[in-house]
Amino acid sequence: MEIELKYSIPDDETADKIWENRLFSDMEEEGSREELDLLAKYYDTADRALAKNRIAYRVRKEGDHFISTVKWQGEAEDGLHSRKELACPVPDEEPDIGIFAESDIGEELAAVVDDKPLQILLETEVRRRRFRIDTGTAILEVSVDQGRVKTACGEDGISEVEIELFTGDTEELVRIGKKLQKLYGLRPEDTSKYIRGIRLLDAEEECAAQSADRMRQ
């Protein structure tokens, strides 16, 4: 289960301030600060069978490594996201849901895809700056993400901070998140990067459908 808080960042200056601030310096794990590029490709069938079943499947390049991830049954409220997640290292970015075959979600993936070819649905390019903190009752990772979500129908900017709960209580996650939110006046973000891409695609399809209707009139 993945549990994280997500807040939108209004501008680059605020993003830098969050990264440079030592608000959590007394809890920060030594040597955990790092910056890396995350290049993700989300795959689906031509008829978006996975999206229709609320399943996101991606392969992401994290530095020099590739991680294949499936997420499902996601919920978000007031910036708090929770969803089931299963991840596995892979040799490259080629889609292969067979690596999840021995899991329950693997069976569902196979049934939903039903031998239909997978193709790139959308992509994200993110520069992530992150560090871990240990509050004594929870271990969290704070990430400042900036980049873009890209689809065949357009792009949208990404500027947000995520606080992911690794171990411990969700109440501690919320406490830390509220502290950061109050300091910078951040707005809770209930929309994931994946959903933002889906909305770009849906908006283009709706526009195309309306244009076709007008042409027939």
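So, a few notes on the structure that sits alongside this text. (Residues numbered from 1 in each chain as written. Predicted model: local features only at pLDDT ≥ 70, side-chain atom pairs only at ≥ 80, totals over all residues. Heavy atoms only, no water.)

1. Things to note about the overall build of the protein
Reasoning step 1: Summing up its helical and strand segments, the protein has five helices and nine strands in all.
Reasoning step 2: Projecting the C-alpha coordinates of the protein onto the three principal axes gives extents of approximately 60 × 45 × 30 Å.
Reasoning step 3: Sorting the 217 residues of the protein into buried and exposed places 44% on the buried side.
Reasoning step 4: Contacts in the protein between residues at least 24 apart in sequence constitute 65% of all its contacts with a sequence separation of at least 6.
Reasoning step 5: Roughly 11700 Å² of accessible area belongs to the protein as shown, and the carbon and sulfur atoms make up 45% of that amount.
Reasoning step 6: With 32 positive and 52 negative side-chain charges, the protein shows a separation of 4 Å between the mean positions of the two kinds. (Helix = DSSP H or I, 4+ residues; strand = E, 2+ residues; numbered from the N terminus. Buried < 20%, exposed > 50% of the residue type's maximum accessible area, 1.4 Å probe, protein only. Contact = heavy atoms within 4.5 Å. Areas by Shrake-Rupley, 256 points an atom, 1.4 Å probe, with all protein chains shown as cover. Lys, Arg positive; Asp, Glu negative; His and termini not counted. Charge placed at Lys NZ, Arg CZ, Asp CG, Glu CD.)

2. What about the side chain of Glu 172?
Reasoning step 1: In this structure, Glu 172 sits in helix H4 (residues 170–184).
Reasoning step 2: Using a relative accessible area of 12% as the deciding quantity, one classes Glu 172 as buried.
Reasoning step 3: What Glu 172 contacts, discounting residues up to four positions off in sequence, is Thr 135, Thr 137 and Ala 138.

3. Description of the environment of Glu 4
Reasoning step 1: Mapped onto the elements of the fold, Glu 4 is located in strand S1 (residues 2–8).
Reasoning step 2: Distance in space between the C-alpha atoms of Glu 4 and Leu 173 is 7.7 Å, their sequence separation being 169 residues.
Reasoning step 3: Every residue in contact with Glu 4, bar those within four places of it in the chain, is listed here: Gly 79, Leu 80, His 81, Arg 83, Glu 162, Ile 163, Glu 164 and Leu 173.
Reasoning step 4: Among the polar contacts made by the side chain of Glu 4, one reaches the side chain of Arg 83 at a distance of 2.6 Å. (Polar contact = N/O pair within 3.5 Å; in protein donor to acceptor, adjacent residues only side chain to side chain.)

4. Quick look at the pairing of strand S6 (residues 119–134)
Reasoning step 1: Where strand S2 (residues 34–44) meets S6, 11 bridges bridge the pair, whose relative direction is antiparallel. Paired with Leu 36 across the two strands is Arg 128, which belongs to S6.
Reasoning step 2: Two successive antiparallel strands, S6 and strand S7 (residues 138–151), enclose a turn made up of three residues, where Gly 136 displays a positive phi of approximately 100°. (Pairing = 2+ DSSP bridges.)

5. Examining the nonpolar core
Reasoning step 1: Counting residues in hydrophobic clusters, the biggest one holds 23 residues, and the most contacted among them are Ile 18, Ile 133, Leu 140, Val 161, Ile 163 and Leu 180.
Reasoning step 2: Mapped onto this core, the elements with two or more residues apiece are S1, helix H1 (12–20), S6, S7, strand S8 (154–168) and H4.
Reasoning step 3: Listed in part, the 16 residues of the second largest apolar core include Leu 50, Ile 55, Val 70 and Ile 105. (Core = buried A, V, L, I, M, F, W, Y, C linked by side-chain atoms within 4.5 Å.)

6. A word on unusual backbone geometry
Glycine aside, negative phi is the norm for most residues, and most peptide bonds take the trans geometry.
Reasoning step 1: We note that Asp 114 has phi near 55°; this positive angle belongs to a residue other than glycine.
Reasoning step 2: For Asp 115, which is not a glycine, the phi torsion comes out positive at approximately 65°.
Reasoning step 3: Its location among the elements puts Asp 115 in the loop between helix H3 (104–113) and S6.
Reasoning step 4: With relative accessibility at 76%, the residue Asp 115 sits in the exposed group.

7. A word on H3
Reasoning step 1: Every buried residue of H3 is listed here: Ile 105, Gly 106, Leu 109, Val 112 and Val 113. Viewed along the axis of H3, the buried residues span an arc of 130°, placing them on a single side of the element. Exposed residues pointing more than 90 degrees away from the buried face of H3 are listed as Asp 104, Glu 107 and Ala 111.
Reasoning step 2: Taken from the residues just after H3, Asp 114 is the one with a positive phi, measuring 55°. (Arc of directions from axis to C-beta.)

8. Quick notes on the packing of aromatic side chains
Reasoning step 1: What the rule picks out here adds up to four aromatic pairs.
Reasoning step 2: Aromatic side chains Tyr 57 and Phe 100 sit 6.4 Å apart centroid to centroid with 90° between the ring planes, which places their arrangement in the edge-to-face category. Of this pair, Tyr 57 sits in strand S3 (residues 55–62) while Phe 100 is found in the loop between strand S5 (80–90) and H3, placing the two residues 43 residues apart along the sequence. As far as the burial class goes, Tyr 57 and Phe 100 line up, both buried.
Reasoning step 3: Aromatic ring contacts, followed pair by pair, group Tyr 43, Tyr 57 and Phe 100 into a single cluster.
Reasoning step 4: We note Arg 33 situated over the ring of Trp 19; from NZ or CZ to the ring centre the distance is 4.4 Å.
Reasoning step 5: When the ring centre of Phe 131 is taken as origin, the NZ or CZ atom of Arg 33, which lies over that ring, is 4.3 Å away. (Phe/Tyr/Trp six-rings, centres within 6.5 Å; stacked < 30°, edge-to-face > 60°. Lys NZ or Arg CZ within 6 Å of the ring centre and 35° of its normal.)

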